[in-house]
Amino acid sequence: MKALTNVNATSFAEAASAAQSARQQGQAVAFSAGGTDLLQQIKDGTDNADVIINLRTIGDGRSIGSDGAGIAIGGLVTLTELSQDPLVLSGLSALAQAADSVGTPQIRNVATLAGNVTQRPWCWYYRNGFNCFKAGGNECFSVNGENGQHAIFGGGPSYIVHPSDVAPALVAFDAVFQVTGPNGDREVSAEDFFVLPITNPERENSLTENELLTGVRIPTVSSSTVSTYHKIMDREAWTHAEVGVAAVIQRDGNQVQNAKVVLAGVAPIPWRVQAVEEFLAGQQIGEAVAREAGEIGLQGAQPLSNNAHKLPMISAAIERAILNLAAG
Amino acid sequence: MRDDKKQGKRSEQAPDQDPAVKYVDPLNPKQQSRRDFLEGTGTAVVAGAGISALGFPNAQAQSSTSGSRTAINVTVNGTGHSVDVDDRWTLAELLRDELDLTGTKIGCNRGECGACTVLMNGEPVYSCSQLAVWADGANIQTVEGLAQNGELTPVQQAFVVNNGPQCGFCTPGQLMTATALLNRNPSPSAEEVKDAMVGNLCRCSNYNAIVEAVVMAGEEGGVA
């Protein structure tokens, strides 16, 4: 591995300041929590960090707690902790299931909520050193290349798909993201946190270069709300979603009062399918309704030359997720 | 650096544990271990110089720029070590190259194969994907920490009985993940074993035998 300097941060604010000063001295900086993906990127040369700001020495950001307003989850909570926490399991099933579907136990034991949500894309061009939009270049090689894993919604000029399973669940739960930077703290809704390539083709979210995601807050979920994350992969485990669906439904018996449905693996950001949400409101959950919701989920789809296989997966994933949430 | 006597002693002890494996290999009548043999012929020196050319880590050899160094304290298999580490060293490199614990294997060196799995504070992690400096203050267990006084743990013994290792390269990582599983779930079902060990690949595809070994270890009383 290239020569680098590890800096142990003791607070998020200190981490942001340390990143700012290192950058002012001309050094490339990376924040690290679990570090698994970052180290591979450094070894591969797709991340050229001279300085790693190590966040695991920070005491904050490791707890999951509830108050009158909802559930607060620290950014440094590991995916293993997230998938096993009683509060998350009881009230936020989709989030626990999404966390549990990531990678392998070894990865989940160190990987964090914030790291999963802010990880870089897994497009094979970007990961193999092509000078694409994500690497600061001016081209998306998937357009005329191998695009079997690329975006069906929201693409252009880059066609990456957002790699996180956790992020769609957070969007579906209307989470608020907490961000710390050299100039202080700010909050942004999960939906506004992620940005389409038409806005910024180089980055996947609204973090500026010295900012970090430090935690999320999820507004109180009613006791009549149920949720699930359904992930379809091209093998049984240990990979990103071909298609994932986070569905959060507030229901009265089997009647849907309110639905949030967010897709993974098909767009450069967690992709809300509002047409499905609107269709579901007022419907009785059942096989015909679930099937129709799956078909509606394809509205606006623009497959590339090699990724149309995801279309029936999108319909099937939505259908299964909704049927999972039928009462009794 | 490496304690040849200790290594040799361990490899000679193993056949005495179980009379069933007491035989003389006609090609290796002195029952030298593969490592003893390689070191005896000087191959190890050549291999050491060539490792970085093959893409395996040799931190000092890979860059002419010297990196930062940090003094850390880490407990490995119950023994405390104070080590001055190069910040770019992975935990796997620290274990293998500095502490001579070469039981931990580096397969893919990118968090995909699981051969380098060790227990960090009791939980399996990929040691190729952790910086050594991040292990400051941690308690690490490697495959060398399993057998005590030459006596295999039940899961190691179950790997022997079920032919868990074929080429054996993934075995140390498999054993560590299985050990963590058995510590928290002393009698796992085959499904639970598969779930827990999904992050350990076996290129020989010996998965059935590995699952059977871990299930057997559970049936026979876990790791303790």
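See above for the structure.
To start, this report covers the structure provided alongside it. (Residues numbered from 1 in each chain as written. Chains lettered and ligands numbered in written order. Predicted model: local features only at pLDDT ≥ 70, side-chain atom pairs only at ≥ 80, totals over all residues. Heavy atoms only, no water.)

1. What to know about the overall build of chain A
Note the threshold: Helix numbering and strand numbering both begin at the N terminus, where a helix is a DSSP run of H or I of at least 4 residues and a strand a DSSP run of E of at least 2. Relative accessible area decides the class of each residue, using a 1.4 Å probe on protein chains only: under 20% of the type maximum gives buried, over 50% gives exposed, and in between gives partly exposed. Residue contacts are defined here by distance: any two heavy atoms, one from each residue, within 4.5 Å place the two residues in contact.
On a plain count of helices and strands, chain A comes out with 13 helices and 12 strands. Relative to its 328 residues, chain A shows a buried fraction of 56%. Within chain A, residue pairs in contact and separated by at least 24 positions form 63% of the contacts whose partners lie at least 6 positions apart.

2. Some points on the interface of chain A and chain B
Stated precisely, the cut-off is as follows: Here's the idea: put two parts together, see how much 1.4 Å probe accessible area each one loses, and the total over both is what we call buried area. Counted as salt bridges are all cases of a side-chain nitrogen of Lys or Arg within 4 Å of a carboxyl oxygen of Asp or Glu. Gly counts as polar in this scheme, as do all residues outside two lists: the nonpolar Ala, Val, Leu, Ile, Met, Phe, Trp, Tyr, Cys and Pro, and the charged Asp, Glu, Lys and Arg.
On the side of chain B, 33 residues touch chain A, which itself brings 25 residues to the contact. Roughly 2,300 Å² is buried in total at the junction of chain A and chain B, and carbon and sulfur atoms are behind 56% of that figure. Summed over the three residues of chain A that lose the most area to chain B, namely Met1, Gln106 and Trp238 of chain A, the buried surface amounts to 30% of that side. Summed over the shared surface of chain A and chain B, the number is 1 salt bridge. Sorting the residues of the side of chain A that touches chain B by element identifies strand S1 (5-8), helix H2 (36-44), strand S3 (51-54) and helix H6 (105-108) of chain A as the ones contributing at least two each. Examining the composition of the side of chain A that touches chain B, we find that 5 residues originate from one element, H2 of chain A, more than from any other. Here the side of chain A that touches chain B is composed, by residue class, of 10 nonpolar, 11 polar and 4 charged.

3. With respect to the side chain of Asp37 of chain A
Looking at where Asp37 of chain A falls in the secondary structure, it is placed in helix H2. Filtering out sequence-adjacent residues up to four positions away, Asp37 of chain A remains in contact with Gln119, Arg120, Trp122 and Arg127 of chain A.

4. Thoughts on helix H13 (residues 310-324) of chain A
Note: α-helices contain 3.6 residues per turn, so residues at a spacing of three or four share the same orientation. All names here are of chain A. Counted only if it meets this: Expected helix span is computed as 1.5 Å times (number of residues minus one). Picture the helix axis, draw a direction to every C-beta atom, and the arc is the one those directions span.
Spanning 15 residues, H13 covers 21 Å between terminal C-alpha atoms, matching the ideal 21 Å at 1.5 Å per step. Inspection of H13 places Lys310, Leu311, Ile314, Ser315, Ala317, Ile318, Ala321 and Ile322 among the buried residues, and these make up the whole buried set. When H13 is viewed along its axis, its buried side chains cluster within an angular range of 165 degrees and face the same direction. On its buried face, H13 is in contact with strand S9 (225-232), strand S10 (243-252), strand S11 (255-264), helix H11 (274-280) and helix H12 (287-296).

5. Brief notes about the sheet that holds strand S4 (residues 123-126) of chain B
Residues and elements named next belong to chain B. Cut-off, in case you're wondering: DSSP-based pairing: two strands are paired if at least 2 bridges between them are found. A fitted line through C-alpha atoms serves as each axis, taken over the contacting stretch for helices, and the angle formed by two N-to-C directions is quoted from 0 to 180°.
Read from one edge to the other, the open sheet built from 5 strands follows the order S2-S1-S5-S3-S4, with strand pairing classed as mixed. Each edge of the open sheet is held by one strand with a lone partner, namely strand S2 (79-86) and S4. Along the sheet, successive strands turn relative to each other by an average axial angle of 40 degrees, direction set aside. As paired strands, strand S3 (residues 117-120) and strand S5 (residues 139-141) are joined by 2 bridges and run antiparallel to one another. Across the sheet, the residue bridging to Met120 is Ile140, located in S5.

6. Remarks on the pattern of salt bridges
Residues and elements named next belong to chain A. For the structure on display, the rule yields 17 salt bridges over all chains. Across the pair Glu209 and Arg23 runs a salt bridge, and its minimum N-O distance is 3.6 Å. Linking Glu209 in the loop between helix H10 (190-193) and strand S8 (212-219) with Arg23 in helix H1 (residues 12-24), this pair joins segments that are 186 residues apart in sequence. For Glu209, a relative accessible area of 55% gives the class exposed. Since its relative accessible area comes to 24%, Arg23 is described here as partly exposed. A salt bridge links Asp100 to Arg108; the nearest nitrogen and oxygen atoms lie 3.8 Å apart. Judged by relative accessible area, Asp100 falls into the partly exposed class, the value being 44%.

7. Some details on a nonpolar patch on the surface
Rules: Note on patches: the residues involved have over 30% relative accessible area and no salt bridge, like charges join within 9 Å, and the nonpolar side chains Val, Leu, Ile, Met, Phe, Trp and Tyr join within 5 Å. Note on areas: Shrake-Rupley, 1.4 Å probe, and residue coverage restricted to the protein chains presented here.
On the surface, Leu152, Val160 and Val161 of chain B cluster together to form a nonpolar patch covering roughly 240 Å² of accessible area. Judged by its relative accessible area of 42%, Val160 of chain B is partly exposed.

8. Comments concerning the packing of aromatic side chains
Aromatic ring pairs are defined here through the distance separating the ring centres and the angle between the ring planes. Residues and elements named next belong to chain A. Test applied: Working definition: rings of Phe, Tyr and Trp (its six-membered ring) pair if their centres are within 6.5 Å, and the pair is stacked with planes under 30 degrees apart, edge-to-face with planes over 60 apart, and tilted otherwise. Two conditions define a charge sitting above a ring: the NZ of Lys or the CZ of Arg must be within 6 Å of the ring centre, and it must be within 35 degrees of the ring normal.
Under the definition given, this model contains 8 aromatic pairs over all chains. Taken together, a centroid distance of 5.1 Å and an interplanar angle of 85 degrees make the contact between Phe193 and Phe194 edge-to-face. Members of the aromatic cluster, each reached through a chain of ring pairs, are Tyr125, Phe130 and Phe141. Of note, Arg127 hangs over the ring of Trp122, and the distance from its end group to the ring centre comes to 3.8 Å.

9. Quick notes on the nonpolar core
All names here are of chain A. Inclusion rule: Nonpolar core, defined: a set of buried Ala, Val, Leu, Ile, Met, Phe, Trp, Tyr and Cys residues in which side-chain atoms within 4.5 Å join the residues together. What marks off one domain from the next here is an automatic or database domain assignment.
Formed by 48 residues in total, the largest nonpolar core has its most connected members in Ile73, Leu82, Leu95, Val117, Leu170, Phe177 and Phe193. Sorting elements by how many residues they give to this core places helix H9 (residues 166-172) first, with 6 residues. Counting contributing residues, this core receives three or more from each of domain 2 (65-118 + 160-219) and domain 3 (225-324). In this view, Phe177 contacts Val117, Leu170, Arg186, Glu187, Val188, Ala190, Phe193, Phe194, Leu213, Gly215 and Val216; residues no more than four positions away in its chain are not counted.

10. Here's the deal with the packing of helix H7 (residues 171-184) of chain B against helix H9 (residues 207-219) of chain B
Residues and elements named next belong to chain B. Definition in use: In a left-handed crossing the near helix is turned counterclockwise from the far helix by less than a right angle, and in a right-handed crossing that turn is clockwise.
H9 packs onto H7 with a crossing angle of 35 degrees between their chain directions and a minimal axis gap of 11 Å. Between H7 and H9 lies a crossing whose hand is right-handed. On H9, the residues that touch Gln174, Ala178, Leu181 and Leu182 of H7 are Ile210, Val214, Ala217 and Gly218. Residues belonging to the contact of H7 with H9 are distributed by class as follows: 6 nonpolar, 2 polar and no charged.

11. Side note on the sheet that holds S8 of chain A
Residues and elements named next belong to chain A. Strands sit in the order S4-S5-S8-S6-S7 across an open sheet of 5 strands; the sheet is antiparallel. The strands lining the two open edges of the sheet, one partner per strand, are strand S4 (64-67) and strand S7 (184-189). The mean angle between the axes of side-by-side strands here comes to 25 degrees, regardless of whether they run parallel or antiparallel. Here S4 pairs with strand S5 (residues 70-74) via 4 bridges, running antiparallel.

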